[in-house]
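Spelled out from the first residue to the last, the chains are:
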Amino acid sequence: MENKEHKILLAEDDENLGGLLSEYLQAKGYETTLTANGEEAYSAFIAGKYDICIFDVMMPKKDGFTLAREIRLVNTEVPIVFLTAKTMKDDILQGFKAGADDYLTKPFSMEELLLRIEAILRRTSGSSNVQETYVLGQYAFDTQKQQLTHGDETIKLTTKESELLKLLCANANKVLERNLALKTIWVDDNYFNARSMDVYITKLRKHLKDDPSVEIINVHGKGYKLVM
């Protein structure tokens, strides 16, 4: 299987194991980014583009399950494999509920991990991990061209407007938490970025005003919800 174009995000707080896994996967032709905790891994995921994620469950700052749930809010397709010393059935179920595609309990062989990765990539490489077009009532949103079309009218969105609308669409009819949106798009959830996001929400509402069935509502104390 050709794998040189595939990128792996690896999160493992055990420095020795993380180093060994990273070296092994690199030697097998996978471009591998190693992170030491859940927060580092989330930042790396938002900043880059990965074909598969491999996360240890028990990590400082943010555990693997929490990390996977947060990633699933911004990307529903990227495959996630959990590594853990836990063998309890409840933990395995929790892993799959958090969005896991596969699960390996320690100790495991490098060869077994490689076979799991290859099987998952064979299954997923035929389909795009990125949804390019969303239908919002009477509007069509092309994420690649950053365009919002309504009838004969096409609105060219700014990059920030497009990223924010894409995040809202990915979480349509669910609450998009303010902090998650800020950290995903603005990297920092400080006061000034929060005010900036409010301005972009107002702009998006104006762009969507011609279809009353599409609405971005405030959820007090939590964030926003794109209702369709």
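Calculation criteria
Sequence order as written defines residue numbering, which begins from 1 separately in each chain. Per-residue local features are limited, in this predicted model, to residues with pLDDT of at least 70; the limit for side-chain atom pairs, both in listing and counting, is 80 or more; totals at the level of whole chains, interfaces and linings are taken over all residues. To obtain the side-chain values, all non-hydrogen atoms of the structure were included, while hydrogens and water were left out. A run of H or I in DSSP becomes a helix once it reaches four residues, and a run of E becomes a strand once it reaches two; helices and strands are each numbered from the N terminus. Residues count as neighbours in contact if any of their non-hydrogen atoms are within 4.5 Å of one another. What makes a salt bridge here is a side-chain nitrogen of Lys or Arg within 4 Å of a carboxyl oxygen of Asp or Glu, nothing more. Residue burial is assigned from relative accessible area. The probe radius is 1.4 Å, only protein chains are included, and a residue is buried under 20% of its type maximum, exposed over 50%, and partly exposed in between. Pairing of aromatic rings covers Phe, Tyr and Trp, the last counted by its six-membered ring, and requires centre-to-centre distances within 6.5 Å; plane angles under 30 degrees mean stacked, over 60 mean edge-to-face, and any other angle means tilted. Geometrically, a charge over a ring is one whose NZ (Lys) or CZ (Arg) sits within 6 Å of the ring centre while staying within 35 degrees of the ring normal. Here, nonpolar core refers to any group of buried Ala, Val, Leu, Ile, Met, Phe, Trp, Tyr and Cys residues whose side-chain atoms link them within 4.5 Å. Note on pairing: DSSP must find at least two bridges between two strands before they are called paired.

Asks: How would you sum up the environment of Ile185? Please name residues and give values.
Replies: Residue position: Ile185 is located in helix α7 (residues 178–186). Expressed as a C-alpha distance, the spacing of Ile185 and Thr159, which sit 26 residues apart in the sequence, is 9.9 Å. Setting aside anything within four residues of it in sequence, one finds Ile185 in contact with Lys160, Glu163, Leu164 and Leu167.

Asks: Tell me what's going on with the pattern of salt bridges, and back it up with residues and numbers.
Replies: The tally for this structure, following the rule as stated, stands at 8 salt bridges. Residue Asp56 is joined to Lys106 by a salt bridge in which the shortest nitrogen-to-oxygen separation is 3.1 Å. Highlighted residues: Asp56 in strand β3 (residues 52–56) and Lys106 in the loop between β5 (102–105) and α5 (110–124), separated in sequence by 50 residues. Residue class for Lys106 comes out partly exposed when judged on its relative accessible area of 26%.

Asks: So, the packing of aromatic side chains: which residues are in play, and what are the values?
Replies: Counted according to the given criterion, the structure contains 5 aromatic pairs. Arranged with centres 6.3 Å apart and planes meeting at 70 degrees, the rings of Phe82 and Tyr103 form a pair that is edge-to-face. Taken together, the positions of Phe82 in strand β4 (residues 80–84) and Tyr103 in strand β5 put the pair 21 residues apart, joining distant regions of the chain. Each member of the pair, Phe82 as well as Tyr103, is classed as buried. Chaining the aromatic ring pairs together yields one cluster made of Phe65, Phe82 and Tyr103. The ring of Tyr50 is capped by Lys7, whose NZ or CZ atom sits 5.4 Å from the centre of that ring. The aromatic ring of Tyr42 is capped on one face by Lys62, whose charged end is 5.0 Å from the ring centroid.

Asks: Which residues make up unusual backbone geometry, and what values go with them?
Replies: Cis geometry is found at the peptide bond from Lys106 to Pro107, where omega equals -5 degrees. Residue position: Pro107 is located in the loop between β5 and α5. Phi angles above zero are rare outside glycine, and Asn173 is one such case at about 65 degrees.

Asks: I'd like a description of the nonpolar core, backed by residues and values.
Replies: Counting residues in each nonpolar core, the largest one holds 49 residues, and the members touching the most others are Phe55, Phe82, Leu136, Leu165 and Leu168. With residues up to four places along the chain from it excluded, the contact list for Phe82 reads Phe55, Val57, Gly64, Phe65, Ala68, Gly95, Ala98, Ala100, Asp102, Tyr103 and Leu104. Counting 18 residues, the second largest nonpolar core, distinct from the first, contains Leu25, Tyr30, Leu114 and Ile120.

Asks: Outline the pairing of strand β6 (residues 133–136), supporting the account with residue identities and numerical values.
Replies: On β6, burial follows the alternation: Tyr134 and Leu136 on one face are buried, whereas Thr133 and Val135 on the facing-out side are not. As judged from the 4 bridges shared by β6 and strand β7 (residues 139–142), these two strands associate in the antiparallel manner. Residue Tyr134 lies in a different strand from β7, and its bridge partner there is Phe141. Counting the residues that bridge the hairpin from β6 to β7 gives 2 residues, and of these Gly137 lies at a positive phi of roughly 60 degrees.

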